[in-house]
Structure formats: C-alpha cells, structure tokens
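Okay, here's what each chain looks like letter by letter:
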Amino acid sequence: MMLVETYWQPQFTGLLRNDALLWLLGVLGFGYFLASIFGSLAAEKMTKRYHVHQIFLLGNLLAGLCALALGAVTAPALFGVLYLLLYFLLGAADTAQDVIIHRATPSAVRATVLSAQGLTLQLGALAASGAAGLVAGRFSVSVLWQAGALLFLVGFAGIAYILRKATH
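Residues numbered from 1 in each chain as written. Predicted model: local features only at pLDDT ≥ 70, side-chain atom pairs only at ≥ 80, totals over all residues. Heavy atoms only, no water.

## Points about the nonpolar core
Counting 27 residues, the largest nonpolar core has Phe 79, Tyr 83, Leu 86 and Trp 145 as the members making the most contacts within it. At the level of secondary structure, the elements contributing two or more residues to this core comprise helix H1 (2–15), helix H2 (24–46), helix H3 (52–70), helix H4 (76–104) and helix H6 (141–167). A per-element tally of this core places H4 first, with seven residues. In this structure, Leu 86 is in contact with Met 1, Val 4, Ala 63, Cys 66, Ala 67 and Leu 70, ignoring residues within four places of it in sequence. Ranked by size, the runner-up nonpolar core spans 11 residues in total, among them Val 52, Ile 55, Leu 57 and Ile 100. (Core = buried A, V, L, I, M, F, W, Y, C linked by side-chain atoms within 4.5 Å. Buried < 20%, exposed > 50% of the residue type's maximum accessible area, 1.4 Å probe, protein only. Helix = DSSP H or I, 4+ residues; strand = E, 2+ residues; numbered from the N terminus. Contact = heavy atoms within 4.5 Å.)

## Focus on the side chain of Asn 60
Counting through the fold element by element, Asn 60 comes out in helix H3. Using a relative accessible area of 7% as the deciding quantity, one classes Asn 60 as buried. Apart from residues lying up to four places away in sequence, Asn 60 is in contact with Ala 93, Phe 152 and Phe 156.

## With respect to H6
Here H6 spans 38 Å end to end across 27 residues, near enough to the 39 Å set by a 1.5 Å rise per residue. All of the buried residues along H6 are Val 141, Ser 142, Leu 144, Trp 145, Gly 148, Ala 149, Leu 153, Phe 156, Ala 160 and Leu 163. (Expected span 1.5 Å × (residues − 1).)

## Some remarks on the packing of aromatic side chains
Tallying each qualifying case throughout the model produces 10 aromatic pairs. Considering the side-chain rings of Phe 12 and Phe 79, the 5.3 Å spacing of their centres and the 35° angle between planes classify their relative orientation as tilted. Taken together, the positions of Phe 12 in helix H1 and Phe 79 in helix H4 put the pair 67 residues apart, joining distant regions of the chain. Both residues of the pair, Phe 12 and Phe 79, belong to the buried class. When the centroid spacing of 4.6 Å and the interplanar angle of 20° are considered together, the rings of Tyr 32 and Phe 33 count as stacked. Here Tyr 32 falls in the buried class, since its relative accessible area comes to 14%. Under the relative-accessibility criterion, Phe 33 is labelled exposed at 52%. (Phe/Tyr/Trp six-rings, centres within 6.5 Å; stacked < 30°, edge-to-face > 60°.)

Here you go:
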C-alpha cells in the first residue's frame, strides 16, 4: 500500500482535466484519514457480529482488490471513491489485525511482538519505496500499483492460508 501512498497525488492530478479542481487533493487528503478512522470504528462494531479473523481476511482481500482497481481508473470521481474505500478497508483490516495480535500474544512478549511488527512494516515500506523508485520511470503508476496489488494479494493469500490452518 506504500505505492498508493507515494504516488496517489500525481496519479489523481493526471486524471483531472482542469487545474481549478486541484483543491480536491486536500479533500482526498483529509478524507483518507477520516475513512481510515471510520474503517477502524466499523471493525470495532463488526467484532460484535463477526469473528475478528473474518474482518481481517475480508478487509485485506477487498483492500487488495480495491488497489488493483485503483490502478485501472481513468475517472477522477471513481478514483476518489476507490481511494477512500481503500483507506476505509485498511482501517478495518488493521484494527482486526491489532486485535488478533493482542489476543494471540502473551503479555510478557507483547511489546517485543509489537516492536517487531512495526519494524517489519517499516522495512516493507522501505523495500516498496526503493523498488518503486527503481522502476517508476520505466512503468506507469497504474502498472506499478497493479503489480504491487497483485504482490499484496499473493502474499495475503499465504497469510490467509496460514491463519485458516491455525484457527481450524
């Protein structure tokens, strides 16, 4: 998802046909924080009806598909909707992931596990940014996003498989 975070503004402005609409960058910038918050709140409410693993799996699957679709969008309005939906889904999936980690980790090692999780996230973002920097001039942002989304979905399929084995 680091690829979307890095390149969303040039991708979106490239879709605009009028520079007078550049104010929409601020709306989307504000909106993605709000969408993420609402995703977290929705996940919290959904845990009363659904298993937290289901929220995690569905949220990440839909986020990956949303990122894949985002790379194919040519209309600014649809871009905005998918972009905000992506952050809503990530907010929900991240909240579910945090609940899963907290429940599964003994309190004696929880700080270590959370630190390792943060380090892994930072290393993944570093690797994604570095790889994107190496190939961004050779491919369009759309291709970069779709490749990243496919890589995310493949990796996520492995996580989903492991999670299902562990919970059944």
